[in-house]
Amino acid sequence: MAEQYNVEFINPVLNAVQSVLSSMANIEVVPGKPYLNKKRTSVGDITGLLEIDGYSKGVLSLSLGKDVILSIVNNMLFENYTELNDDIADAVGELTNMISGQARKELAESGMVFKAKTPRVVQGKGRKLDHIPSSPILSVPFSCAKGKLVVEISIAGQ
């Protein structure tokens, strides 16, 4: 099992997180130190997972704390949600999709073409994540005014 990922693959994902949250929700996020999620479980209150295929097979996930996702969704939709619900879950799936789409566009420019499946959303901390079983899960934490979120990637054959 490889213990590192190619930065040519990872950087477009990190750029997409910052760009999507800034443009869609007016929220600035700052990346922290990457680590491996050896527990292979969710770290946030709600997590979007998206399978990708093509250049290689993988899974991208976006795991957010309750306060962070409520702030993002309220900014995006000009609403005042106070609890996690089906609308918030839909928004997490859509955010995961938007981040993946922007990252895949940049990756395609480098010859790494990926297709994405429909995102799935799981609620609760400590939930088992369906990442690539034979690959490490690279976790990149981000912080913002309302708390933390984590983007995680597992890719077969990296």
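Above this note sits the structure.
Per chain, the residues get numbers from 1 upward, laid out in the order the sequence is written. Reporting of local features is limited, given that this is a predicted model, to residues whose pLDDT is at least 70; pairs of side-chain atoms are given and counted only at 80 or more, and all residues count toward the totals for whole chains, interfaces and linings. Think of the side-chain values as coming from all heavy atoms in the structure, minus any hydrogens and water.

Visitor: Teacher, can you tell me more about the side chain of Thr47 here?
Guide: Tracing the backbone shows Thr47 in strand β3 (residues 46-54). For every residue, the accessible area obtained with a 1.4 Å probe (protein chains only) is divided by the maximum for its type, and the residue is called buried under 20%, exposed over 50%, and partly exposed between those limits. Thr47 sits in the buried class, given a relative accessible area of 0%. Any two residues whose heavy atoms approach within 4.5 Å are treated as being in contact. If sequence neighbours within four positions are ignored, Thr47 has contacts with Ser42, Ser61, Leu62, Ser63, Val92, Arg120, Val121, Val122 and Leu129. Numbering of helices and strands starts at the N terminus; helices are DSSP runs of H or I of at least 4 residues and strands are runs of E of at least 2.

Visitor: Got a minute to help me understand the packing of aromatic side chains in this structure?
Guide: Ring pairs (aromatic) are described by centroid distance and by the angle formed between their planes. Between rings of Phe, Tyr and Trp, where Trp is taken as its six-membered ring, a pair exists when centres lie within 6.5 Å; planes separated by under 30 degrees are stacked, by over 60 edge-to-face, and by other angles tilted. Counted by the stated rule, this structure contains 1 aromatic pair. Plain terms: the ring middles of Tyr55 and Phe114 are 5.9 Å apart, the flat faces sit at 65° to each other, and that makes the pair edge-to-face. Linking Tyr55 in the loop between β3 and β4 (58-64) with Phe114 in strand β5 (residues 114-116), this pair joins segments that are 59 residues apart in sequence. According to the relative accessible area criterion, Phe114 is buried, its value standing at 5%.

Visitor: Which parts of the structure should I look at to understand the packing of helix α1 (residues 7-25) against helix α3 (residues 86-109)?
Guide: The contact between α1 and α3 brings their axes to 8 Å, and the two run at 130°. By the angle class used here, α1 and α3 are oblique. For the pair α1 and α3, the sense of crossing is right-handed. Seen from α1, the contacting residues are Glu8, Phe9, Pro12, Val13, Asn15, Ala16, Val17, Ser19, Val20, Leu21 and Met24; seen from α3, they are Leu95, Met98, Ile99, Gln102, Ala103, Glu106 and Leu107. Across the contact of α1 with α3, the residue classes break down as 13 nonpolar, 3 polar and 2 charged. Axes, fitted as lines to C-alpha atoms, cover a helix only where it is in contact. Angles between the N-to-C directions of the axes lie from 0 to 180 degrees. When an angle is under 35 degrees it counts as roughly parallel; over 145 it counts as roughly antiparallel; between 65 and 115 it counts as roughly perpendicular; any other value is oblique. For any pair of crossing helices, the crossing counts as left-handed if the nearer helix is rotated counterclockwise from the farther one by less than a right angle, and right-handed if it is rotated clockwise. Ten residue types, Ala, Val, Leu, Ile, Met, Phe, Trp, Tyr, Cys and Pro, are classed as nonpolar, four, Asp, Glu, Lys and Arg, as charged, and the remainder, Gly among them, as polar.

Visitor: Sorry if this is basic, but what is going on with the packing of α1 against helix α2 (residues 66-77) here?
Guide: Relative orientation and spacing of two packed helices are given, respectively, by the angle between their axes and the distance between those axes. At a minimum axis separation of 8 Å, α1 and α2 run at an interaxial angle of 50°. Here α2 runs oblique to α1, going by the angle between their axes. On the side of α1, the interface is formed by Leu21, Met24 and Ala25, while α2 contributes Ile72, Asn75 and Met76. In terms of residue class, the contact of α1 with α2 is built from 5 nonpolar, 1 polar and no charged.

Visitor: Looking at this structure, I do not really get α3. What am I missing?
Guide: By this rule the span expected of a helix is its residue count minus one, scaled by 1.5 Å. For α3, with 24 residues, the first-to-last C-alpha span of 35 Å sits near the 34 Å given by 1.5 Å per residue. Within the span of α3, buried status applies to Ile88, Ala89, Ala91, Val92, Gly93, Leu95, Thr96, Ile99, Ser100, Ala103 and Leu107. Looking at the buried side of α3, the elements it contacts are α1, β3, β4, α2, β5 and β6 (120-123). At the N-terminal end of α3, a side-chain oxygen is found 2.9 Å from the backbone nitrogen of Asp87, two or three residues along, and the residue is Asn85. Directly after α3, the chain includes Gly111, whose backbone phi takes a positive value near 90°. Throughout this description, a polar contact denotes any pair of N or O atoms lying within 3.5 Å of each other; where both atoms belong to protein, one of them has to be capable of donating a hydrogen while the other can accept it, and for residues adjacent in sequence the pair is counted only when both atoms sit in side chains.

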